[in-house]
Amino acid sequence: MKRKKMSFTSVGGSSILTIFAVLCFIVFALLSLSTAKADRTLADKTITATQNYYRADTEAEEILGKLRSGEIPEGVMKSGYNEYSYSCKIDDKQEIQVKVEIQNDKYRIKQWKKTYVGEWKADDSIEVFEGTEINE
């Protein structure tokens, strides 16, 4: 009986293709894990921001309720005859600012907005071409 020899190129080509396919699957799996971790981090930050906002909003509503019942809570400033203003902290950089006008049993909200109160820092790190000539 004669034995047939398998050529090196026929076995090597399929092995290289299989190794390449496995490496592609590994890279795609790592990219998927990285994306999932980034999505989880973003979701956690979103949950925290939403909870902080609604906590501050609830606090602002409670203060408004006290004002409507005739009580002036601590931290509320009265300006003019019947206008009150106060703020509720969301986090260290944002707060809800409220201005309300109350007359007898009626009230009118003049302002209820989320405001940035953190320190502003200018970004001067970008170098811009000023139009000077370049000598060769």
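For the structure itself, look to the data block above.
Given the structure is predicted, the values throughout are model-derived calculations rather than measurements.

### Description of the overall build of the chain
Part 1 of the argument: When helices and strands are counted, the chain shows one helix and four strands.
Part 2 of the argument: Its helices and strands in sequence order give the chain the pattern α-β-β-β-β, from N to C terminus.
Part 3 of the argument: The 136 residues of the chain split such that 18% are buried.

### Observations concerning the pattern of salt bridges
Part 1 of the argument: Counted according to the given criterion, the structure contains three salt bridges.
Part 2 of the argument: A salt bridge links Arg40 to Asp44; its shortest N-O distance comes to 3.3 Å. With a gap of four residues between them, Arg40 and Asp44 both fall in helix H1 (residues 8-68), about one helical turn apart.
Part 3 of the argument: It is possible to trace a salt-bridge network through shared partners that takes in Glu83, Glu101 and Lys110.

### Some points on the sheet that holds strand E2 (residues 83-89)
Part 1 of the argument: If you walk across this open sheet you meet the four strands as E1-E2-E3-E4, and the pairing is antiparallel. Bordering the open sheet on either side are strand E1 (77-79) and strand E4 (106-116), each of which pairs with just one other strand. Pairs of neighbouring strands in the sheet enclose a mean axial angle of 20°, with direction left out of account.

### As for the environment of Cys88
Part 1 of the argument: Mapped onto the elements, Cys88 comes out in strand E2.
Part 2 of the argument: Note on Cys88: relative accessible area 0%, which makes it buried.
Part 3 of the argument: Along the sequence, Cys88 and Glu59 sit 29 residues apart, while their C-alpha atoms lie 6.8 Å from each other.

### Focus on the side chain of Ser85
Part 1 of the argument: For Ser85, the location among the structural elements is in strand E2.
Part 2 of the argument: In this structure Ser85 touches Gly75, Val76, Met77, Val98 and Lys99, once residues within four positions along its chain are discounted.

### A look at the pairing of strand E3 (residues 94-103)
Part 1 of the argument: Here seven bridges tie E2 to E3, and the two strands are oriented antiparallel to one another. The residue bridging Cys88 from the neighbouring strand is Ile96, located in E3.
Part 2 of the argument: Between E2 and E3, which pair antiparallel one after the other, the connecting turn spans four residues.
Part 3 of the argument: Strand direction decides the pairing type here: E3 and E4, joined by 10 bridges, are antiparallel. Counterpart to Val98 in the pairing with E4 is Trp112.
Part 4 of the argument: The antiparallel hairpin formed by E3 and E4 contains two residues in its connecting segment, where Asn104 sits at a positive phi of about 55°.

About the cut-offs
- Residues numbered from 1 in each chain as written.
- Predicted model: local features only at pLDDT ≥ 70, side-chain atom pairs only at ≥ 80, totals over all residues.
- Heavy atoms only, no water.
- Helix = DSSP H or I, 4+ residues; strand = E, 2+ residues; numbered from the N terminus.
- Buried < 20%, exposed > 50% of the residue type's maximum accessible area, 1.4 Å probe, protein only.
- Salt bridge = Lys/Arg side-chain N within 4 Å of Asp/Glu carboxyl O.
- Pairing = 2+ DSSP bridges.
- Axes fitted to C-alpha atoms, helices over the stretch in contact; angles between N-to-C directions.
- Contact = heavy atoms within 4.5 Å.

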